[in-house]
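A closer look at the structure
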Amino acid sequence: MAKIPSLLSIRPRSLSSKVFLLAAIVTFAITLYTFSSSYSFRISDWSSIFSQQRQLTPCPPEQWSSGRWVYSPTSDLVNLTRPEQALSLAGFEGCAADREYHWHLGTDHEEAWNRFPKVSSYKWLPSSHCDVRPLNAAAMVKDMVENGGWLLMGDSITEGHFFSLSCLLYPHVRATPNYTENPYFDRAWQQQLFLSPSSPIIPEITLPEGFSIENTPLASFRRVDFLLNGTQMNTIYHSSAFSIEPTDLDSQDSGSPYTKAESVFGDEAFWSLSPSEYMPTFLDSPPDANYGTLVVSTAGHWTTNTLHAFRDEDAGEEAGYGIHNVLAFFKVAMRTWATEVQDAITEYRINGGKRPKQVVVRAYLPGHENCHNIFEPTETITPWANLWYNWPWIPDFNTAFQELLSSSEFPDIHYLPIDRPGRLRPDAHAAGDCLHLISGAGVIEGWSHYIWHFITRELKQKDSSPTTRH
């Protein structure tokens, strides 16, 4: 083997040469570490960290979603024989979060291991009109430190998003709490990712003033099923802003006024927080917080079981037992939410806040019927054969949310209709149900990929355009 001269054996004579040599050594060492990683689609191009000025073709969410899944295996493994092999099949070096670890990776039921490695072997290829940089953990971490991290608010689907993010960004992040050591923490407990003090990219990051590697979170998740708390939901239900015409409920006499229930909720458990509780956290400054993007998604718990006041047995299954009334309520409630969130950001700026603050609403993804008997992506969205839960109506909730946020009233809240890639992946669900998704199949990772692109490319281009809505 040819002997490679040591960089350290070179003796530069000038100060500038020494500085240059030191930079070269650091870059070489980091590059060697990066390209030795097994996560080929995540840490595929270290140089992208240092090419932030390159202008890319705009890729709005509709263009991102109009692509297709392509078979692109990253491992020669032909079958799964140990749970930890799912990490390498997905291209992960590990996962920082540990709550329901094997469930999130889809390895909790050995009888379902036959879907590996195929389920981890597809890559989303967006429209040819899109020019999106590769998903790159080091670049994402750098952006999240320097320009603001992510605060994820939503139900268990969003918790899955947080878990996936902890895998994408590993080993550059550590997670709290430790559910292995403290299994008594429930799902309502705040989960967080912090910059790992052992990450090799720390020398390349410019830490914001007050930022603490130990105490300032890069990303956090809070369980919030409706984006509002229960008191707010009941207040809206009983307010004059929301009403139900007698003819909307077949079970009531059309000649008599509709009598509202005492509470909009039934007996099903739910988790809730008010924007007045989480917006101050989102808008806070280091060392306590350093968020730039609030990522939210909701629709899964807007059912006639959870919101039992709208349950109408006489309406029947075809009408979702009164689901159209839930949708009407959703429209009013989300306007309340959007107004409160936008007002908080506006006040932040009026009071001198300078750091970027934006909100992205990810379209909610319904489940799939018969998902455990399908082992590859579909080319088209499969029509419903049954009317399970509120799944067939979730597109209506998504449309209502998108129409609301298209208004100039909410310049800092952006709707992302990026649900189509997931709707083409009935094979990517958890082993125990057909709603939740496993990490590593590419669906959830695609959410992170596009959100990262959107906030670092699309929004920056909008902000620099003379036609921006701000």
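Note that this is a predicted model, so its numbers are computed, not measured.

So, how was this worked out
Residues numbered from 1 in each chain as written. Predicted model: local features only at pLDDT ≥ 70, side-chain atom pairs only at ≥ 80, totals over all residues. Heavy atoms only, no water. Buried < 20%, exposed > 50% of the residue type's maximum accessible area, 1.4 Å probe, protein only. Helix = DSSP H or I, 4+ residues; strand = E, 2+ residues; numbered from the N terminus. Pairing = 2+ DSSP bridges. Axes fitted to C-alpha atoms, helices over the stretch in contact; angles between N-to-C directions. Contact = heavy atoms within 4.5 Å. Phe/Tyr/Trp six-rings, centres within 6.5 Å; stacked < 30°, edge-to-face > 60°. Lys NZ or Arg CZ within 6 Å of the ring centre and 35° of its normal. Left-handed = near helix turned anticlockwise from the far one by under 90°. Nonpolar A, V, L, I, M, F, W, Y, C, P; charged D, E, K, R; others polar.

1. Thoughts on the pairing of strand E2 (residues 122-125)
Every second residue of E2 is oriented toward a common face, the buried set being Tyr122 and Trp124 and the non-buried set Lys123 and Leu125. Both strand E1 (residues 68-71) and E2 contribute to a ladder of 4 bridges, which runs antiparallel. When the bridges of E2 are listed, Trp69 appears paired with Trp124.

2. Thoughts on the sheet that holds strand E9 (residues 413-416)
Ordered by their spatial adjacency, 7 strands build an open sheet running E4-E5-E6-E3-E7-E8-E9, and the pairing between neighbours is mixed. Edge positions in the open sheet fall to strand E4 (173-176) and E9, since each of these has one partner strand only. On average, each strand axis in the sheet is inclined to that of its neighbour by 20 degrees, with strand direction left out of account. Alignment of strand E8 (residues 358-362) against E9, held across 4 bridges, turns out to be parallel. Paired with Val360 across the bridge in E9 is His414. Most of the contacts of helix H8 (residues 275-283) go to strand E7 (residues 291-296), to which it runs at about 145 degrees, and overall it touches strand E3 (149-154), E7 and E8.

3. What to know about the packing of aromatic side chains
Applying the stated criterion across every chain, the model contains 25 aromatic pairs. Taken together, a centroid distance of 5.2 Å and an interplanar angle of 65 degrees make the contact between Phe242 and Phe329 edge-to-face. Placement of Phe242 in the loop between helix H7 (230-238) and H8 and of Phe329 in helix H9 (residues 323-350) is noted, with a sequence separation of 87 residues between them. Given the relative accessible area of 3%, Phe242 is considered buried. Centroid distance Phe265 to Phe270: 4.1 Å. Interplanar angle 15 degrees. Geometry classified as stacked. Over the aromatic face of Trp69 sits the side chain of Arg425, whose NZ or CZ is 4.6 Å from the ring centroid.

4. Some remarks on the packing of H8 against H9
Running from amino to carboxyl end, H8 crosses H9 at an angle of 35 degrees, the nearest separation of the two axes being 10 Å. As for the relative orientation of H8 and H9, their crossing is right-handed in sense. Contacts from Pro275, Ser276, Tyr278, Met279, Phe282 and Leu283 of H8 reach H9 at Trp337, Glu340, Val341, Ala344, Ile345 and Tyr348. Its residues assigned to classes, the contact of H8 with H9 shows 10 nonpolar, 1 polar and 1 charged.

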